[in-house]
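These are the residues of each chain, in order.
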Amino acid sequence: EINSNGYGFFMESIFRIHQAGFRCGEIPTNFKDRMAGTSKIPRFEIFRGVKNLLRLFLGRVFSSPVEYVPGKEFPVCCFCQSPFTVVKFRKKIVGDNHVMDFQCTSMEHGSKPLVVQCLVCGLSFSPEGVYDNKLDAIYEEVVDARYIRDQAARQRTFAVAFDRIAPFLSMTPGTMLEIGAYCGFFGREARARGWNYVGVEPSRWSVAYARESLGLDVRCGTLKQNINELSGPYDAIVMWDVLEHLRDPMDLLMDSRCLLKDSGVLFLSTLDIDTW
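Keep in mind that this is a model prediction, so the values were computed, not measured.

### Observations concerning the pattern of salt bridges
Next, step 1: This model, assessed by the stated rule, comprises 13 salt bridges.
Next, step 2: E45 serves as the salt-bridge partner of R48, at 2.8 Å between the closest nitrogen and oxygen. Of this pair, R48 and E45 are both found in helix α2 (residues 44-62), three residues apart, which corresponds to roughly one turn of the helix.
Next, step 3: Here R48 falls in the partly exposed class, since its relative accessible area comes to 27%.
Next, step 4: With a relative accessible area of 9%, E45 lands in the buried category.
Next, step 5: Ionic pairing is found between R257 and D262, a salt bridge with its closest N-O pair at 3.0 Å.
Next, step 6: Salt bridges sharing partners connect three or more residues here, namely E12, R16 and R55.

Structural data, given as structure tokens:
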């Protein structure tokens, strides 16, 4: 539960111990004034200490008490298997998971699962069991008509994205695979620039739109389900905002590497979990 860095770690530790109902004892030490040298404590640590005090105070006033459960085990990191994990974001679920909540244009951002962070490798993830085993099936059922209505703005976004990756691509258009193609708007941009494009997407509705309305080669399902039918290796693989939706991001990256030429390039975007 402790989120403080630097010297504030001790202050929050004492606060959390007291909050959990433990009795604290103190063993005094004699700390003499420095006779030589300079302090290793940076000046900004003073302001960070004040900030931590304010954060703990506000959390005590406006948040419910932390329940201490003896013997409670925190989840092991799904990447490096470290047992040292801390709560990054508390669970805040409003109702059950519905297909509508998994649309690209969903406004259910206030509803989120428990997210923990590994103290060893830094990966933030939702522990096993937070989402039920029907997660893949939910993505298959997603229908998102609002996404289509906003396609003009989204097409401009993907045009900018292509301009940003263009310096890393070969001068002669080659083969490109998009993982998580959704309705195919990036694929339309790639095709317009001469690339031999193929996409994979779990949403059946999105695949139907990409095929029938845009005439794109988009395969239904996950990369794992389609990997044997894809005619790689590819010159470029792209995945926009895909990794954060997966139980095992590393598995997808390894499969992607198998489909990428040795001289190929992987382009991806994912959210920055540390921004407000």
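### Remarks on the sheet that holds strand β1 (residues 85-89)
Next, step 1: The strand order across the open sheet built from three strands is β1-β2-β3, with neighbouring strands paired in antiparallel fashion. The open sheet is flanked by β1 and β3 (124-125), the only strands paired with a single partner.
Next, step 2: The pairing of β1 with strand β2 (residues 115-118) spans four bridges and is antiparallel. Residue F89 lies in a different strand from β2, and its bridge partner there is V115.

### Considerations on helix α9 (residues 249-258)
In an α-helix, one full turn covers 3.6 residues, which means residues spaced three or four apart are oriented alike.
Next, step 1: For α9, the set of buried residues is L252, D255 and S256. Down the axis of α9, the buried side of the element spans an arc of 105°, and every buried residue falls inside it. Of the exposed residues in α9, those oriented more than 90 degrees away from the buried face are M254 and C258.
Next, step 2: Of the surrounding secondary structure, the elements contacted by the buried residues of α9 are β4 (175-179), α8 (223-226), β7 (234-240) and β8 (260-269).

### Notes on the packing of aromatic side chains
The geometry of an aromatic ring pair is captured by two quantities: the separation of the ring centres and the angle between the planes.
Next, step 1: Evaluation of the coordinates by the stated rule reveals seven aromatic pairs.
Next, step 2: Their ring planes at 10° and their centres at 5.4 Å tell us that Y147 and F185 sit as a pair that is stacked. With Y147 in helix α4 (residues 145-149) and F185 in helix α6 (residues 185-192), this pair connects stretches of sequence that are 38 residues apart. Take Y147 and F185: they sit in the same class, and that class is buried.
Next, step 3: An aromatic cluster is defined as three or more aromatic residues linked by ring pairs; in this entry it consists of Y147, Y182, F185 and Y209.

### Description of the packing of helix α1 (residues 8-19) against α2
Next, step 1: Where α1 meets α2, the closest approach of the two axes is 10 Å, and the angle between their N-to-C directions is 20°. As summarised for this structure, α1 and α2 are arranged roughly parallel, according to the angle between their axes. Judged by the sense of rotation from one axis to the other, the crossing of α1 with α2 is right-handed. Contacts between α1 and α2 involve G8, M11, E12, F15 and R16 from the former and E45, G49, N52, L53, R55, L56 and R60 from the latter.
Next, step 2: Residue classes in the contact of α1 with α2 are distributed as four nonpolar, three polar and five charged.

### Considerations on the side chain of S206
Next, step 1: Considering the arrangement of structural elements, one finds S206 in helix α7 (residues 204-212).
Next, step 2: Under the relative-accessibility criterion, S206 is labelled buried at 0%.
Next, step 3: At 3.0 Å, the side chain of S206 forms a polar contact with the side chain of S203.

### Some words on the sheet that holds strand β6 (residues 218-220)
The pairing of strands in a sheet happens through backbone hydrogen bonds and is either parallel or antiparallel.
Next, step 1: Spatially, the five strands line up as an open sheet ordered β6-β5-β4-β7-β8, and their pairing is parallel. Each end of this open sheet is capped by a strand with a single partner; those strands are β6 and β8. When the angles between neighbouring strand axes are averaged without regard to direction, this sheet yields 20°.
Next, step 2: Sheet analysis places strand β5 (residues 196-201) next to β6, joined by three bridges and oriented parallel. Residue pairing in the sheet places V200 in a bridge with R219 of β6.
Next, step 3: Taken strand by strand, α6 contacts β4, β5 and β7, and its axis lies near 170° from that of β4.
Next, step 4: In the packing of α7 onto the sheet, the strands contacted are β5 and β6, and the crossing angle to β6 comes to about 155°.

### Quick word on the packing of helix α5 (residues 151-165) against α6
Next, step 1: Between α5 and α6, the shortest axis-to-axis distance is 9 Å and the interhelical angle comes to 55°. Viewed along their axes, α5 and α6 adopt a mutual orientation that is oblique. Note on packing geometry: the crossing formed by α5 with α6 is right-handed. Along the contact surface, α5 presents Q151, R154, Q155, F158, A159, F162 and I165, while α6 presents F185, F186, R188, E189 and A190.
Next, step 2: Grouping the constituent residues of the contact of α5 with α6 by class yields seven nonpolar, two polar and three charged.

Cut-offs and rules
- Residues numbered from 1 in each chain as written.
- Predicted model: local features only at pLDDT ≥ 70, side-chain atom pairs only at ≥ 80, totals over all residues.
- Heavy atoms only, no water.
- Salt bridge = Lys/Arg side-chain N within 4 Å of Asp/Glu carboxyl O.
- Helix = DSSP H or I, 4+ residues; strand = E, 2+ residues; numbered from the N terminus.
- Buried < 20%, exposed > 50% of the residue type's maximum accessible area, 1.4 Å probe, protein only.
- Pairing = 2+ DSSP bridges.
- Arc of directions from axis to C-beta.
- Contact = heavy atoms within 4.5 Å.
- Phe/Tyr/Trp six-rings, centres within 6.5 Å; stacked < 30°, edge-to-face > 60°.
- Axes fitted to C-alpha atoms, helices over the stretch in contact; angles between N-to-C directions.
- Parallel < 35°, antiparallel > 145°, perpendicular 65-115°, else oblique.
- Left-handed = near helix turned anticlockwise from the far one by under 90°.
- Nonpolar A, V, L, I, M, F, W, Y, C, P; charged D, E, K, R; others polar.
- Polar contact = N/O pair within 3.5 Å; in protein donor to acceptor, adjacent residues only side chain to side chain.

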